[in-house]
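Summary of the model geometry
Listed below, chain by chain, are the residues.
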Protein chains: 2
Amino acid sequence: MSSSFAPLAPPKRLLFGPGPSIVAPRVYEAMGQSIVGHLDPFFFQVNEEIRAGLQAAYGTANPFTMAISGTGSAGMEAAISNFVEPGMKLIVFANGFFCDRMTEMGRRQGATVLRFEAPWGQSFDDAAAAEFIRAEKPNAVAFVHGETSTGVFTSGKAICAAAHEVGALTIADCVTSLGTMPINIDTTGIDVAYSCSQKGLSCPPGLSPISCSPRAMDQLKARSTVNHSWYLDLKLLADYYDGARRYHHTAPISMFYALREGLNLILEEGVEARFARHEANHEKLVAGLESLGMEMLVEPGVRMWALHTPKVPAGVNDLDVRKKLMERHGIEIQGGFGPLAGQVFRIGLMGEGSTAANVDLLVGALREALV
Amino acid sequence: MSSSFAPLAPPKRLLFGPGPSIVAPRVYEAMGQSIVGHLDPFFFQVNEEIRAGLQAAYGTANPFTMAISGTGSAGMEAAISNFVEPGMKLIVFANGFFCDRMTEMGRRQGATVLRFEAPWGQSFDDAAAAEFIRAEKPNAVAFVHGETSTGVFTSGKAICAAAHEVGALTIADCVTSLGTMPINIDTTGIDVAYSCSQKGLSCPPGLSPISCSPRAMDQLKARSTVNHSWYLDLKLLADYYDGARRYHHTAPISMFYALREGLNLILEEGVEARFARHEANHEKLVAGLESLGMEMLVEPGVRMWALHTPKVPAGVNDLDVRKKLMERHGIEIQGGFGPLAGQVFRIGLMGEGSTAANVDLLVGALREALV
């Protein structure tokens with residue numbers, strides 16, 4: 001017989017890494033509310049509010065906008081497995097870790113995956129990207145709107161326009177951009193967007209908000225092959241959330257309460273005001289980092305507002321710095337990995353965490369730790 | 001711009017249906033604790049405690065025992081997609097809804113699925129089941145240990161023994177049995193068991209505890225085809241939780257806190273004492289239902305202790321009864337569905353909810369509502 005556990009006592013962390021980010025106190029309170037069943041009318045009411053909140057944050061009128069009952073990676077798999085069928089041609093715009101994950105998932109679905117590459121930390125040349133799409137005429141095109149491994153922002157406008165010219169569906173990873181900067185799904189031309197709950201939405205991880213254009217839903221309805229995944233089959237999920245409310249799975253109701261509250265905080269602040277706050281604190285942090293003699297990996301204009309990748313100064317060990325921040329202040333930031341291992345820090349200012357006071361705290365702590 | 005939402009105010013429900021069940025107050029408290037990152041040493045400490053608690057509840061020494069970051073249906077898909085490869089022969093023992101779901105998932109993996117059927121509400125003849133397995137020599141055999149749609153318990157001993165004779169792997173759905181009755185994975189001969197967090201463990205839905213025998217893990221390591229699912233690929237998950245702690249996905253840490261606390265409540269009570277409590281309250285409820293003139297669908301000996309399926313008395317409308325229970329007491333029970341629609345009630349006594357006082361409450365409320 002195993003003995004029981006001591007009371008749960010998590011260490012206090014100031015989460016300024018690439019995610020998860022600091023959770024809003026009101027979100028914790030929402031998770032403490034009594035659950036109801038997954039077929040209770042109250043659950044569907046919560047789901048409607050989530051839909052409205054996500055539409056505002058994503059910038060879309062897509063009716064099919066909901067939360068997948070899994071983390072951001074489950075959202076990626078839902079996007080790829082529903083819209084990339086065996087034998088299809090998928091182009092992945094690849095300039096970081098999460099583009100590689102999309103590539104892997106596309107291959108697991110039996111697609112032919114072509115990669116249009118740029119070095120980690122750099123963005124794509126719009127004209128070359130469009131030309132590649134026109135030449136290859138893929139069935140689907142995937143890109144990462146906010147690359148958490150590098151800090152690069154890809155608006156996707158040129159990619160989506162070219163993709164639609166050749167009749168391809170567009171898929172965008174918005175895991176780190178949702179709730180922190182404009183995505184504007186509809187005007188950008190994104191057909192399938194997915195994200196997570198634990199970054200810009202200030203909730204714990206566990207849900208993946210997804211939004212699909214009517215065009216994407218038409219393709220889904222016409223799909224002749226069966227998705228290998230039953231759990232992530234959006235045809236079945238549409239029937240549960242939007243159709244006959246036919247039981248599919250037992251939705252993680254406490255996480256839905258959390259997501260609703262995270263979105264409520266966004267609506268109360270106002271979507272535009274929230275983006276402006278993230279932009280202002282982003283600029284303040286960049287200025288602060290530069291005042292410490294640090295150089296940004298990513299060029300101005302394609303920087304995310306929620307994730308910053310200053311280069312590790314020459315002669316400085318990134319692990320030492322991160323250890324000092326953790327030991328002295330309980331601050332978590334992350335380092336780079338893959339081709340950027342040891343070369344950059346990854347510093348997040350997301351949702352609740354994006355405040356001027358936190359920028360001052362971070363810059364002050366880094367000033368001491370870099371010595 | 002969407003307007004913001006009113007404060008979250010869920011209705012109070014007494015959850016005595018087939019799940020989700022009543023959440024323990026200490027579990028809600030655990031979910032309110034500060035999150036840490038998914039690579040934080042504290043997260044892995046919590047994960048080790050979850051492993052120990054699940055091993056006790058499942059009755060196993062399997063080292064690979066952990067929580068999938070999705071609901072029970074994600075656990076089912078993890079079990080099927082990792083251990084049932086394209087072209088394999090899978091036997092499903094089919095006497096209820098969740099057996100049908102396993103069948104569907106097996107087909108989506110490209111397996112040949114054979115079904116050994118019994119009517120909903122009945123159990124299998126051990127000798128005939130074993131004979132079928134010996135004759136068909138499948139690669140894998142799946143059964144539902146506790147069928148939530150009917151209330152039938154299938155111990156699986158005869159099925160597992162015959163399966164191992166022919167070298168087949170055994171998969172058991174323990175969604176409604178974990179934490180409420182003995183499963184004894186190791187002595188029963190179950191190679192892959194999965195469950196959920198929201199029934200016998202008294203947590204909200206969102207995680208799926210899974211346990212795999214060393215034999216199953218050997219088969220997984222030797223697997224030559226690639227799992228279509230990246231999110232549920234247990235090779236990758238083993239590398240995150242047990243191996244190099246290589247980042248896979250951002251684990252839903254608040255749900256892990258919840259699961260740890262739900263398991264802690266089991267360890268504090270003692271696994272055997274907990275099962276005895278469920279058995280005693282099960283017997284008390286059956287006696288109470290019979291005192292109201294109700295007849296049980298399932299024969300004694302193969303009844304689950306957590307889910308009860310009394311037949312709807314002649315002349316009684318099940319919807320009317322359920323409506324009265326909800327309106328008068330906030331009590332949620334469910335009706336039957338599929339072939340049992342309108343014919344049975346489904347009444348759960350799970351985890352926190354399995355108390356003598358709740359049995360009295362339920363029987364008293366039913367006595368009034370049946371009139």
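Residues numbered from 1 in each chain as written. Chains lettered and ligands numbered in written order. Predicted model: local features only at pLDDT ≥ 70, side-chain atom pairs only at ≥ 80, totals over all residues.

Our focus in this paragraph is the overall build of chain A. The secondary structure content of chain A amounts to 13 helices and twelve strands. At 21 Å, chain A has a C-alpha radius of gyration in line with the 21 Å of a compact globule built from 371 residues. Buried residues in chain A amount to 58% of all 371 residues. Considering only intrachain contacts with a sequence separation of at least 6, the fraction spanning at least 24 residues in chain A is 73%. (Helix = DSSP H or I, 4+ residues; strand = E, 2+ residues; numbered from the N terminus. Rg over C-alpha atoms; globule rule 2.2 N^0.38 Å. Buried ≥ 20, exposed ≤ 12 C-beta atoms within 10 Å, placed from the backbone. Contact = placed C-beta atoms within 7 Å.)

Time to look at the relation of the copies chain B and chain A. Superposition record for chain B on chain A: RMSD 0.0 Å, screw rotation 180°, translation along axis 0.0 Å. Look at the turn and shift together and you get a two-fold axis relating the two. Taking the C-alpha atom as reference, chain B places B:Gly70 closest to the rotation axis, 2.6 Å from it. Looking at chain B, 99% of its interface residues are interface residues in chain A too, so the copies touch through the same face. (Least-squares fit on C-alpha atoms with pLDDT ≥ 70 in both.)

Residues and elements named next belong to chain A. Here helix α11 (residues 271-291) contains 21 residues, and its C-alpha end-to-end distance of 30 Å stays within 8% of the 30 Å for a straight helix at 1.5 Å per residue. Packing partners of the buried residues in α11 comprise α10 (253-269), β9 (307-308) and α13 (356-369). Looking one or two residues past α11, Gly293 carries a phi angle of roughly 85°, positive in sign. (Expected span 1.5 Å × (residues − 1).)

So, on to helix α2 (residues 41-58) of chain A. Residue and element names in this part refer to chain A. With 18 residues, α2 extends 26 Å between its outermost C-alpha atoms, agreeing within 8% with the 26 Å of an ideal straight helix rising 1.5 Å per residue. When we look at burial in α2, the residues that qualify are Val46, Asn47, Glu49, Ile50, Arg51, Gly53, Leu54, Ala56, Ala57 and Tyr58. Of the residues one or two after α2, Gly59 is the one with positive phi, at around 70°.

Attention shifts here to the sheet that holds strand β11 (residues 334-335) of chain A. Residue and element names in this part refer to chain A. Here we have three strands laid out as an open sheet, ordered β9-β12-β11, and antiparallel in their pairing. Since the sheet does not close on itself, it has two edges, and those belong to β9 and β11, each with one partner. In this structure, β11 lies alongside strand β12 (residues 345-348), joined through two bridges in antiparallel fashion. Along β12, the bridge assignment pairs Gly335 with Phe345. (Pairing = 2+ DSSP bridges.)

So, on to the interface of chain B and chain A. Facing 67 residues of chain B, the contacting portion of chain A comprises 66 residues. Listed by contribution, the elements that provide at least two residues to the side of chain B that touches chain A are α1 (25-31), α2 (41-58), α3 (72-83), α4 (97-108) and α10 (253-269) of chain B. Take the side of chain B that touches chain A: its biggest share by element is nine residues, from α10(B).

Residue and element names in this part refer to chain B. Most of strand β5 (residues 140-144) is tucked away, with five of its five residues classed as buried. Across the two faces of β5 the burial is the same, with Ala140, Ala142 and Val144 and Val141 and Phe143 all buried. The pairing of strand β3 (residues 89-94) with β5 spans three bridges and is classified as parallel. Opposite Leu90, over in β5, you have Ala140 as the bridge partner. In the sheet, β5 pairs with strand β6 (residues 169-173) via five bridges, with the strands oriented parallel.

For the rest of this paragraph, the subject is the packing of α2(B) against α10(B). Helix-helix packing is characterised by the crossing angle of the two axes and by the distance between the axes. Residues and elements named next belong to chain B. At a closest axis distance of 9 Å, the pairing of α2 and α10 adopts a crossing angle of 40°. In terms of orientation, α2 lies oblique with respect to α10. α2 and α10 meet at a crossing whose hand is left-handed. Residues Phe43, Val46, Asn47, Glu49, Ile50, Gly53, Leu54, Ala56 and Ala57 of α2 pack against Ile253, Phe256, Tyr257, Leu259, Arg260, Leu263, Asn264, Ile266 and Leu267 of α10. (Axes fitted to C-alpha atoms, helices over the stretch in contact; angles between N-to-C directions. Parallel < 35°, antiparallel > 145°, perpendicular 65-115°, else oblique. Left-handed = near helix turned anticlockwise from the far one by under 90°.)

Our next topic: the domain arrangement of chain A. Residues and elements named next belong to chain A. You can read the domains of chain A as domain 1 (25-267) and domain 2 (270-369). Relative placement of domain 1 and domain 2: their C-alpha centres are 26 Å apart. Domain 1 puts 24 residues into the contact, and the matching count from domain 2 is 21 residues. (Domains from an automatic or database assignment.)

Now for the packing of α3(B) against α4(B). All names here are of chain B. Between α3 and α4, the shortest axis-to-axis distance is 9 Å and the interhelical angle comes to 45°. One element, α3, and the other, α4, form an angle in the oblique class. Between α3 and α4 the crossing geometry is right-handed. Within the contact between the two elements, α3 uses Met76, Glu77 and Ile80 and α4 uses Arg101, Met102, Met105 and Gly106. Classifying every residue of the contact of α3 with α4 by side-chain character gives four nonpolar, one polar and two charged. (Nonpolar A, V, L, I, M, F, W, Y, C, P; charged D, E, K, R; others polar.)

Spatially, β9-β12-β11 (chain B) is the arrangement adopted by the three strands of the open sheet, whose pairing is antiparallel. In this open sheet, the two strands that pair with only one neighbour each are β9 (307-308) and β11 (334-335) of chain B.

Residues and elements named next belong to chain A. Mapped onto the elements of the fold, Gly351 is located in the loop between β12 and α13. The exposure class of Gly351 is buried, given the 28 C-beta atoms found within 10 Å. Discounting chain neighbours no more than four positions away, the residues touching Gly351 are Ser21, Gly179, Lys199, Gly200, Leu201 and Ser202.

Here the focus is the pairing of strand β3 (residues 89-94) of chain A. Residue and element names in this part refer to chain A. Extensive coverage of β3 is indicated by the burial of five of its six residues. Sheet topology note: the β3/strand β4 (residues 112-117) ladder contains six bridges and is parallel. Paired with Phe93 across the bridge in β4 is Phe116. Chirality of the crossover, the property in question, places the unit of β3, helix α4 (residues 97-108) and β4 among those that are right-handed. (Right-handed = clockwise from strand over helix to strand, strands pointing away.)

Moving on, we get to the environment of B:Gly179. Residues and elements named next belong to chain B. Tracing the backbone through its elements, the reader meets Gly179 in the loop between β6 and α7 (185-188). Residue class for Gly179 comes out buried when judged on the 33 C-beta atoms lying within 10 Å of it. Sequence-distant contacts of Gly179, defined by excluding residues within four places in its chain, comprise Ala57, Gly200, Leu201, Ile266, Arg274 and Gly351.

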